[in-house]
There are 2 protein chains.
Amino acid sequence: MSDPVIRLLLADDQALVRGALAALLNLERDLEVVAEVGSGDEVLPAVLEHRPDVALLDVEMPGMDGIAATALVRAKAPGTRVLIVTTFGRPGFLRRALQAGAHGFVVKDTPAAELADAVRKVHRGLRVVDPQLATDSLVAGESPLTPRETEVLRAARDGSTVAAISKRLFLSEGTVRNHLSAAIGKTGATTRAEAVLTAEGNGWL
Amino acid sequence: MSDPVIRLLLADDQALVRGALAALLNLERDLEVVAEVGSGDEVLPAVLEHRPDVALLDVEMPGMDGIAATALVRAKAPGTRVLIVTTFGRPGFLRRALQAGAHGFVVKDTPAAELADAVRKVHRGLRVVDPQLATDSLVAGESPLTPRETEVLRAARDGSTVAAISKRLFLSEGTVRNHLSAAIGKTGATTRAEAVLTAEGNGWL
DNA sequence: CAGCCGCCCTGACAGATGTCATGGCACCGA
DNA sequence: TCGGTGCCATGACATCTGTCAGGGCGGCTG
């Protein structure tokens, strides 16, 4: 054993939740929160400065999201392991997080008592993944949408019209409609709005 | 002073957040979490059993939402004060929470250190309201949508077609279209989907 | 009570949306 | 090299959507 205390970094945009998690984890003898940040962009600088053993990252954050931050941490600070702690158990998030090099993935529905254990396991080099979510991820699979389709569907999220989307992406209206139609078909939806919802639910956007 | 210790109930659907908040609040000498629940429906029974001084309720919960739970607690257990602790600073939420009899309203962006103070203030009978949110609430104002319009717009949230909505609500398609059109106009939107987004953002649904 | 106002309901019509058939282009294996 | 495959792009056409004008009903006020 190198150091008896596991040093942690916490990243979550909600200050209250962040502070509460810090309080929870600091209760444990062998855990110590050494840094807290509120946006994805601050993660890497803080990691480089404090060199924590484990970084707990939320996925939804202002600036860079937790997945991108994970990849960056893995590349620039390989000594720090990453545990994703997120609100939404979107299947796609899990897959992308693992691909980005995350060591663990925990949703905020899990009992508070298990978090410390998850941290310890990740620190020991084990993978921690919510089992329910793992099966969902297999079921949902990778995104069936092509790059263009995702782009167009993402542009349709705010309820824009075809005309607006086509201008924003420099495409013909017919093309936009076609991509949307394809996305609707692949998501098993009937409407653009429905397609957006299921795609978001699967973490495909 | 009656009792030196303020007894608390925590209601939040995310177990991890709930447990973390409990840890945070239990650090304070004069605060004690005596009950935790994970859904709106469990709030009233737990309040009646434990008779906490202050109940901290989330708005987004399975079953009954935090606003409805607030009204119920105020009616059936007037000795318990209610502090809403929520993720989303939707202007409409604040207004509705206060109308339901909540004593305080805190968003999860606020620093963790302030939560304990908010609890103490609420316990002393003071109102605690996020100032930023209060002004937003005044700007956004009450929902301009009529009951029928809200109902139809709510039914359109999942991306249903007019035909589906009309069947679900036993209305003519023309009527549904008309209500949607009115909602679109009142929200300043151009599309049904856009109207849904802004209405949700203001807490009108 | 008459008039007015707001809400609800409905059908008709122009414009936006989703589907389909078609073609160009790059990449890959035979 | 050539056929096959997948992605992107586009226009035409049927369908759906949003707007508008209109009528019925209940409550409020002068």
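Note that this is a predicted model, so its numbers are computed, not measured.

1. Here we look at the domain arrangement of chain A
Next, step 1: Per the domain assignment, the segments of chain A are domain 1 (6-139) and domain 2 (147-201).
Next, step 2: Measuring from the centre of the C-alpha atoms in domain 1 of chain A to the corresponding centre in domain 2 of chain A gives 32 Å.

2. With respect to the nonpolar core
Next, step 1: Leu56(A), Leu83(A), Leu56(B) and Leu83(B) are the most contacted members of the largest nonpolar core, which has 50 residues in total.
Next, step 2: The contacts of Leu83(A), once residues within four sequence positions are left out, are Val54(A), Ala55(A), Leu56(A), Leu57(A), Gly104(A), Phe105(A), Val106(A), Leu115(A), Ala118(A), Val119(A) and Val122(A).

3. Considering the layout of surface pockets
All names here are of chain B.
Next, step 1: The space that makes up the second largest pocket amounts to roughly 210 Å³.
Next, step 2: Every residue along the wall of the second largest pocket is listed here: Phe105, Val106, Thr110, Glu114, Leu115, Asp117, Ala118, Lys121, Val128, Val129, Asp130 and Pro131.
Next, step 3: Contributions of two or more residues to the lining of the second largest pocket are made by strand E5 (104-107), helix H5 (112-123) and strand E6 (128-129).
Next, step 4: No other element matches the five residues that H5 contributes to the lining of the second largest pocket.

4. Topic: the UniProt feature "modified residue: 4-aspartylphosphate" (unreviewed entry) in chain A
Residue and element names in this part refer to chain A.
Next, step 1: Within this structure's numbering, the places UniProt gives as "modified residue: 4-aspartylphosphate" (unreviewed entry) are Asp58.
Next, step 2: Residue placement: Asp58 occurs in the loop between strand E3 (54-57) and helix H3 (66-76).
Next, step 3: A residue is classified by how much of its surface remains accessible, and Asp58, at 2% relative accessible area, is buried.

5. Things to note about the pairing of strand E4 (residues 81-86) of chain B
Side-chain direction in a regular strand flips from residue to residue, so the side chains alternate between the two faces of the sheet.
Residues and elements named next belong to chain B.
Next, step 1: Burial analysis of E4 places five of its six residues in the buried class, the great majority of the element.
Next, step 2: Bridging between strand E3 (residues 54-57) and E4 involves four bridges; their strand directions are parallel. Opposite Ala55, over in E4, you have Val82 as the bridge partner.
Next, step 3: Traced from E3 through helix H3 (residues 66-76) to E4, the parallel crossover comes out right-handed.
Next, step 4: Bridge count between E4 and E5: four bridges; the pairing is parallel.

6. Here we look at the interface of chain A and chain B
Next, step 1: Every contact between the two is made by 28 residues of chain A and, on the other side, 28 residues of chain B.
Next, step 2: Taken together, both faces of the contact between chain A and chain B bury some 2100 Å²; the carbon and sulfur share is 70%.
Next, step 3: Here chain A is connected to chain B by zero salt bridges.
Next, step 4: When contributions to the side of chain A that touches chain B are tallied by element, the ones reaching two or more residues are helix H1 (15-26), helix H5 (112-123) and helix H10 (192-201) of chain A.
Next, step 5: Top element by residues in the side of chain A that touches chain B is H1(A). It accounts for eight residues.
Next, step 6: For the side of chain A that touches chain B, the residue count by class is 15 nonpolar, seven polar and six charged.

7. Details of the protein's contact with DNA strand C
Next, step 1: The immediate surroundings of DNA strand C are formed by 15 residues, with Arg177(A), Ser181(A), Arg192(A), Thr146(B) and Asn178(B) found nearest.
Next, step 2: Taking Val162(A), its main chain carries an N or O atom lying 3.2 Å from a phosphate oxygen of DNA strand C.
Next, step 3: The separation between a phosphate oxygen of DNA strand C and a polar side-chain atom of Ser181(A) is 2.6 Å.
Next, step 4: At the level of elements, helix H9 (173-187) of chain A together with helix H7 (147-155) and helix H9 (173-186) of chain B are the ones that each hand at least two residues to the surface near DNA strand C.
Next, step 5: When residues in the surface near DNA strand C are grouped by element, the largest group, four residues, is from H9(B).
Next, step 6: When the residues that make up the surface near DNA strand C are grouped by side-chain class, the tally is three nonpolar, nine polar and three charged.

What counts, and where the lines are drawn
- Every chain's residues receive numbers from 1 upward, in the order its sequence appears when written.
- Chain labels run from A onward and ligand labels from 1 onward, assigned in the order the entries are written.
- Confidence filtering applies because this is a predicted model: local features only for residues at pLDDT of at least 70, side-chain atom pairs given and counted only at 80 or more, and all residues used for totals across whole chains, interfaces and linings.
- In computing side-chain values, all of the structure's heavy atoms are included and hydrogens and water are not.
- Domain boundaries shown here were taken from an automatic or database domain assignment.
- Here, nonpolar core means buried Ala, Val, Leu, Ile, Met, Phe, Trp, Tyr and Cys residues that are tied together by side-chain atoms lying within 4.5 Å of each other.
- Exposure classes here rest on a 1.4 Å probe applied to the protein chains alone. A residue is buried below 20% of its type maximum, exposed above 50%, and partly exposed in between.
- By definition in these notes, contact holds between two residues if any of their heavy atoms fall within 4.5 Å.
- In this analysis, the protein atoms alone were mapped onto a 1 Å grid. Cavities are point sets where a 1.4 Å probe fits without being able to get out; pockets are open sets with protein on both sides within 12 Å along at least five of seven lines; lining residues have an atom within 4 Å of a point.
- Grid points are joined across faces, edges and corners, and a volume is the space filled by probe spheres set on the points.
- Secondary structure elements follow DSSP: runs of H or I no shorter than four residues count as helices, runs of E no shorter than two count as strands, and numbering proceeds from the N terminus.
- UniProt positions are given in the numbering used here, feature names are shortened, and annotations may be inferred rather than shown by experiment.
- Pairing between strands is defined by DSSP: at least two bridges between the two strands are required.
- Looking down the strands as they point away from the viewer, one classifies a crossover as right-handed if the path from the first strand across the helix to the second runs clockwise.
- When two parts are put together, the accessible area they lose, computed with a 1.4 Å probe and summed over both, is reported as buried area.
- Counted as salt bridges are all cases of a side-chain nitrogen of Lys or Arg within 4 Å of a carboxyl oxygen of Asp or Glu.
- Lys, Arg, Asp and Glu make up the charged group, whereas Ala, Val, Leu, Ile, Met, Phe, Trp, Tyr, Cys and Pro make up the nonpolar group; the residues left over, Gly among them, are polar.
- The near set for a molecule or strand comprises every residue that places at least one heavy atom within 4 Å of it.
- Definition of a polar contact: a pair of N or O atoms within 3.5 Å, with one able to donate and the other able to accept a hydrogen when the atoms are protein atoms, and with sequence-neighbouring residues admitted only if both atoms are side-chain atoms.

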